[in-house]
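# Structure at a glance
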Amino acid sequence: MKTETKTAYTSSFHREVTEGLTTFPKYLSSKYFYDKAGDKLFQDIMAMPSYYLTDCEFEILETQKENISQSFASDDGFDLIELGAGDGKKTKILLKHLIETECDFVYLPIDISQNVLDGLERSVNDEIPRVTIKPQQGTYFEVLSEVASYNSRKKVIMVLGSNIGNLLHPQAIDFLRNIKDAMSNKDMLFMGFDQKKNPQTIFDAYNDETGITAAFNKNILHRINREMDADFNVDHFKHWEVYDPETGTAKSFLVSTQAQTVAINDLDLSINFAPWESIHTEISQKYDDDIVSWLAEESGLEIVNQFTDSKKYYKNYLFKK
Ligand code: AVI
């Protein structure tokens, strides 16, 4: 019985940790960075000047809210559906503008975490009380297809923060195809894509001297310790970042600084690390118009407009089906 309960995976996190740490080269998925501590560290990252993505998208929304909102508008109003809204700081720029210009819309943020949605609802109600907000708890595509099934009004689906960059191209195409499948011909997708730029700028965004990104990366080991009764000594791992300007891929690793063995008791696993062996933890893909056009074509979408910041570091593209 003991073995059965220990080896029966209690979650996809348990299964993926087993798979990723018992193969070569080792890997873990960045989707598991985001527990309570990881969410807080990501907020800290977004406030770092070197993490330019946030400021650039902020600038785009602030300076081009007029044009952006005009492309969302429709005679019988629209639903603004946001996938992964977080604290909604950037979204509120658009929400304020839509309210000020008397646009008819309902805001539907989708998130897996009820906690995140509750916080967002409170702050939107406090700051922009005229917004009709209907938080939707669940996975993106379950909620998207549900919303699509009961509402025929125009949908504007919004994904900010270059979140797509954490997916490999085939996964990104799947993600976009799933969105496309939930769209009707009048719907639009508004999505952020961080652009290729000076490699040093990109490298600095993921390798800050204050160590916040390192702590964010290492949080996945703390999480395994906390949730799977493991004994990773995180001081024996080094955050390592590389950026390949040819592919536009920034990659994060945790590198074992010595030979060590880690016990993950809930998985009945003992993991050996050779000195300087790596765990690949995250990709943060950077794009250009050609790559985004190719992704769009592969997923059955068409780019209808794009918005960029003054440094051309970042772009928000508007797609239709
Ligand atoms: C959420 N995602 C788009 C961030 C990024 O830029 O890849 C996560 C992150 N990783 C390190 N810093 C920020």
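Under an unreviewed UniProt entry, the name given to the protein chain is L-histidine N(Alpha)-methyltransferase, and the source organism is Dokdonia sinensis.

Here the focus is helix α10 (residues 212-228). Counted at 1.5 Å a residue, the expected span for α10 with its 17 residues is 24 Å, and the 24 Å between its end C-alpha atoms agrees. Along α10, the helix axis deviates most sharply at K218, where the bend reaches about 35°. Most of α10 is tucked away, with 12 of its 17 residues classed as buried. Every buried residue of α10 is accounted for by T213, A214, F216, N217, K218, N219, I220, L221, R223, I224, N225 and M228.

Okay, the UniProt feature "domain: Histidine-specific methyltransferase SAM-dependent" (unreviewed entry) in the protein chain next. Mapped onto this structure's residue numbering, the UniProt feature "domain: Histidine-specific methyltransferase SAM-dependent" (unreviewed entry) falls at residues 14-320. A distance of 38 Å separates the end C-alpha atoms of residues 14-320, which is 40% helix and 25% strand.

To continue, consider the side chain of D187. With respect to the element layout, D187 can be found in the loop between α8 (169-181) and β6 (188-194). Within the local environment of D187, its side chain forms a polar contact with the backbone nitrogen of S184, the two atoms lying 2.8 Å apart. Contact partners of D187, with chain neighbours within four places excluded, come to R153, K154, K155, A182, F319 and K320.

This part takes up the environment of D39. With respect to the helices, strands and loops of the structure, D39 is situated in helix α3 (residues 36-46). The partly exposed category is assigned to D39, whose relative accessible area is 32%. Placed 68 residues apart in sequence, D39 and Y107 show a C-alpha to C-alpha distance of 23 Å.

The grouping of D229, D231, D266 and D268 at the surface amounts to a negative patch. The topology assignment puts D229 in the loop between α10 and β7 (237-244).

What follows deals with the side chain of D208. Mapped onto the elements of the fold, D208 is located in the loop between α9 (199-205) and α10. Buried charged residue D208 carries no salt bridge. Nearest counter-charge: K218, at 12 Å. A distance of 2.9 Å separates a polar side-chain atom of D208 from the backbone nitrogen of G211. Engagement of the side chain of D208 in a polar contact is seen with the backbone nitrogen of I212, the distance being 2.8 Å. In contact with D208, not counting residues within four places along its chain, are M48, S50 and T213.

It is worth spelling out helix α4 (residues 52-72) at this point. Its 21 residues place the ends of α4 only 26 Å apart at the C-alpha level, less than the 30 Å of an ideal helix rising 1.5 Å per residue. At Q64, α4 shows its maximal bend, which comes to roughly 80°. Within the sequence span of α4, burial applies to Y52, L53, T54, C56, E57, I60, L61, Q64, I68, S69 and F72.

The next point concerns the confidence of the model for the protein chain. This prediction gives the protein chain a mean pLDDT of 94; 97% of its residues lie at or above 70. Counting contacts from residues 1-7, a segment whose pLDDT is below 50, to residues more than four positions away or on other chains yields 4 contacts.

The next point concerns the sheet that holds strand β5 (residues 154-159). Ordered in space as β4-β3-β2-β5-β6-β13-β12, the 7 strands form an open sheet in which the pairing is mixed. The open sheet has two edge strands, β4 (136-137) and β12 (302-308), and neither has a second partner. By the bridge criterion, 4 bridges tie β5 to β6 in an arrangement that is parallel. Among the inter-strand pairings, V159 is bridged to a residue of β6, identified as M191. Against the sheet, helix α6 (residues 114-127) touches β3 (105-111) and β4, its axis set at about 150° to β3.

Here we take up the site of the ligand. With respect to spatial proximity, 13 residues lie near the ligand, and among them Y51, N166, Y206, E282 and S284 are the closest. Between a nitrogen atom of the ligand and a side-chain N or O atom of N166, the distance comes to 2.8 Å. Separating an oxygen atom of the ligand from a side-chain N or O atom of S284 is a distance of 2.6 Å. Against a free-state accessible area of 340 Å², the protein chains account for coverage of 98% of the ligand. Secondary structure elements with two or more residues in the shell around the ligand: α3, α10 and β11 (278-285).

So, on to the packing of helix α2 (residues 12-21) against α10. Orientation of α2 relative to α10, taken along the N-to-C sense of each, is 120°, at an axis distance of 12 Å. Judged by the inter-axis angle, α2 sits oblique to α10. Considering the relative orientation of α2 and α10, their crossing is left-handed. For the pair formed by α2 and α10, the contact residues are F13, H14 and V17 on the first element and R223, I224, E227 and M228 on the second. Its residues assigned to classes, the contact of α2 with α10 shows 4 nonpolar, 1 polar and 2 charged.

The rules behind each value
Residues numbered from 1 in each chain as written. Predicted model: local features only at pLDDT ≥ 70, side-chain atom pairs only at ≥ 80, totals over all residues. Heavy atoms only, no water. Helix = DSSP H or I, 4+ residues; strand = E, 2+ residues; numbered from the N terminus. Expected span 1.5 Å × (residues − 1). Bend = angle between axes of the 7 residues up to and from the residue. Buried < 20%, exposed > 50% of the residue type's maximum accessible area, 1.4 Å probe, protein only. UniProt positions renumbered as here; feature names shortened; annotations may be inferred. Polar contact = N/O pair within 3.5 Å; in protein donor to acceptor, adjacent residues only side chain to side chain. Contact = heavy atoms within 4.5 Å. Patch = residues over 30% accessible without salt bridge, like charges linked within 9 Å, V, L, I, M, F, W, Y side chains within 5 Å. Areas by Shrake-Rupley, 256 points an atom, 1.4 Å probe, with all protein chains shown as cover. Salt bridge = Lys/Arg side-chain N within 4 Å of Asp/Glu carboxyl O. Lys, Arg positive; Asp, Glu negative; His and termini not counted. Charge placed at Lys NZ, Arg CZ, Asp CG, Glu CD. pLDDT = per-residue confidence, 0-100. Pairing = 2+ DSSP bridges. Axes fitted to C-alpha atoms, helices over the stretch in contact; angles between N-to-C directions. Near = heavy atom within 4 Å. Parallel < 35°, antiparallel > 145°, perpendicular 65-115°, else oblique. Left-handed = near helix turned anticlockwise from the far one by under 90°. Nonpolar A, V, L, I, M, F, W, Y, C, P; charged D, E, K, R; others polar.

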